[in-house]
Amino acid sequence: MIIDVSIHNGGIDWTKVKESGVEGAIIRCGYGRDLTRQDDSRFKANIEGALAQGLRVGVYLYSYAKTEESARSEAAHVLRMVY
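To keep things clear, this report deals only with the structure shown in the data block. The structure displayed is predicted, hence computed values, not measured ones.

## Section: the nonpolar core
Step number 1: Membership of the largest hydrophobic core comes to 14 residues, with the highest contact counts inside it found for Trp14, Val17, Ile27 and Phe43.
Step number 2: Secondary structure elements with two or more residues in this core: helix 1 (14-19), strand 2 (24-31) and helix 2 (43-52).
Step number 3: With near-sequence residues (within four places) excluded, Trp14 lies in contact with Ile3, Val5, Ala25, Ala45, Asn46, Gly49, Ala50, Gln53 and Leu55.

## Some details on the sheet that holds strand 2
Step number 1: Spatial ordering of the open sheet is given by 1-2-3, a layout of three strands whose pairing is parallel. Strands at the two margins of the open sheet, each flanked by one partner only, are strand 1 (2-5) and strand 3 (56-62). Within this sheet the neighbouring strands show an average axis-to-axis angle of 25°, counted without direction.
Step number 2: By the bridge criterion, seven bridges tie strand 2 to strand 3 in an arrangement that is parallel. For Gly24, the partnering residue across the bridge sits in strand 3 and is Arg56.

## A short note on the pattern of salt bridges
Step number 1: Summed over all chains, the structure comprises six salt bridges.
Step number 2: With its nearest N and O atoms 3.6 Å apart, the salt bridge here joins Glu48 to Lys44. A residue pair is termed a helical-turn pair when its members lie 3 or 4 positions apart in one helix, as Glu48 and Lys44 do in helix 2 at four residues.
Step number 3: The shortest N-O distance in the salt bridge between Glu68 and Arg72 comes to 2.7 Å. Taken together, the positions of Glu68 and Arg72, both in helix 3 (residues 68-82) and four residues apart, correspond to about one turn of that helix. Both residues of the pair, Glu68 and Arg72, count as exposed.

Here is what the cut-offs are and how they apply
- Residues numbered from 1 in each chain as written.
- Predicted model: local features only at pLDDT ≥ 70, side-chain atom pairs only at ≥ 80, totals over all residues.
- Heavy atoms only, no water.
- Core = buried A, V, L, I, M, F, W, Y, C linked by side-chain atoms within 4.5 Å.
- Buried < 20%, exposed > 50% of the residue type's maximum accessible area, 1.4 Å probe, protein only.
- Helix = DSSP H or I, 4+ residues; strand = E, 2+ residues; numbered from the N terminus.
- Contact = heavy atoms within 4.5 Å.
- Pairing = 2+ DSSP bridges.
- Axes fitted to C-alpha atoms, helices over the stretch in contact; angles between N-to-C directions.
- Salt bridge = Lys/Arg side-chain N within 4 Å of Asp/Glu carboxyl O.

Put into structure tokens, the structure is as follows:
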């Protein structure tokens, strides 16, 4: 089973997640353009917690892009968050 998590899930006990049989998590890094105010403030804690439990992880950005310029900004947002 894979779960989807973001700031909306609050603090997550990743040990309990692992013990429940979850194998991985898709973790939101933010939404929209490459603006720090649109970062998911729980991203770092979520990615570190999942990895510490040996879970597989994936990352996503909630997209609002309607133009190529916006899509490029959103791609930059993801890259900034994962590197």
